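Examination of the molecular architecture
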Amino acid sequence: MGLLEIVKPGVLTGDDVRKVFEYARENKFAIPAINVTSSSTANAVLEAARDIKAPIILQVSQGGAAYFAGKGLANDKQQASIAGAVAAAHHIRTVSKAYGVPVILHSDHCAEKLLPWFDGMLEADEAYFKTHGEPLFSSHMLDLSEDPKEHNIATCEKYFKRMAAMKQWLEMEIGITGGEEDGVDNTGVDNNSLYTQPEDVHDVFVALSKISPNFSIAAAFGNVHGVYKPGNVRLHPELLAKHQAYTASKLQNNDPKPLFLVFHGGSGSTKEEIKTAVDNGVVKMNVDTDTQFAYLSGIRDFVQKNAAYLGSQVGNPDGADKPNKKYYDPRVWVREGEKTLTTRVKEACTDLGNVGRL
């Protein structure tokens, strides 16, 4: 049975999001979550998913959302990030059905200092829900991993109650992802903070499952944002099996994998690390650094190859009066970035076993 026999193409919400993650967990594959910053990057990701017949997750970060709205906008009260997230959501909703794939529309890391952004997106969700009976976004992420565990869980509970009224999915983080992304710098954190304990994961599970089953946990196992040389970061995805076993032992309901787990900092990971994570119940893996570079690659290569045609509007090696419009038209060189991004997204899907799943 393929996914399109279970859910419809386009942006999913409510129980359909959980059905996709259940299907992934049962069939031992995961779905890459690709950060998008423009209609161009969003379309390229959807194109990749269509070509390989796979579900896909598109997500916006706080900075990426602000870029979607325009870097010329003020963002002192997160107004650009809110507007950009809403704009991205409406664009993806509009075009995703045409690509014929199930899409989970998600917002990425929201730290305590960014909660006004989260509030603005939830207000947009609730307004959309009143009209359409579903939230604008499929899911959101709260990342209060830098805060004490009790505060982290209590804040997640508070927001999750509001989200559960719309059957919206929540992703939360317990344990810190190292490195730096979107202005959140965890490069100097203590190494022990990069490894979550099973008891902490279970505490999250107990608290959130009282509200709704629609949640996932990003438990740290040495994860670091950004790209790095092999061996510089010690990932231990085998630890995720202990989280599953600990919570399963408490539940005693014959479900060996009761947790929906998320892999952050996926760029630069080895295929073996990815396989181990998926085997242990990871259903979503964030990929951003690698896809950023992939998007650049196509544009960079085009510019370097055609530099003699890009120095002026008229005049090139073919003649002093020859026009160059077919080279500098953004639809030409931006498309080259889309092609290389699409290729990298397909690679991520292949690594995660997310091919031919529809």
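Figured I'd write up the structure that's included with this text. (Residues numbered from 1 in each chain as written. Predicted model: local features only at pLDDT ≥ 70, side-chain atom pairs only at ≥ 80, totals over all residues. Heavy atoms only, no water.)

Moving on, we come to the pattern of salt bridges. Should their charged atoms come close, side chains of opposite charge can pair. Overall, the coordinates contain 21 salt bridges when judged by the stated rule. In this structure, the salt-bridge partner of D51 is R50, at a minimum N-O distance of 2.8 Å. On the accessibility criterion, R50 (39% relative accessible area) is partly exposed. A salt bridge links D329 to K325, with the shortest nitrogen-to-oxygen separation between them at 3.6 Å. Using a relative accessible area of 11% as the deciding quantity, one classes D329 as buried. We classify K325 as partly exposed; its relative accessible area is 48%. A network of salt bridges, in which partner residues are shared, links D15, R18, E22 and K167. (Salt bridge = Lys/Arg side-chain N within 4 Å of Asp/Glu carboxyl O. Buried < 20%, exposed > 50% of the residue type's maximum accessible area, 1.4 Å probe, protein only.)

Moving on, we get to the pairing of strand β2 (residues 31-35). Burial analysis of β2 places 5 of its 5 residues in the buried class, which makes it a mostly covered element. Bridge count for β2 against strand β3 (residues 56-60) is 3 bridges, and the pairing is parallel. If you follow A33 over to β3, its bridge partner there is I57. With helix α2 (residues 39-52) bridging β2 and its parallel neighbour β3, the resulting β-α-β unit is right-handed. (Helix = DSSP H or I, 4+ residues; strand = E, 2+ residues; numbered from the N terminus. Pairing = 2+ DSSP bridges. Right-handed = clockwise from strand over helix to strand, strands pointing away.)

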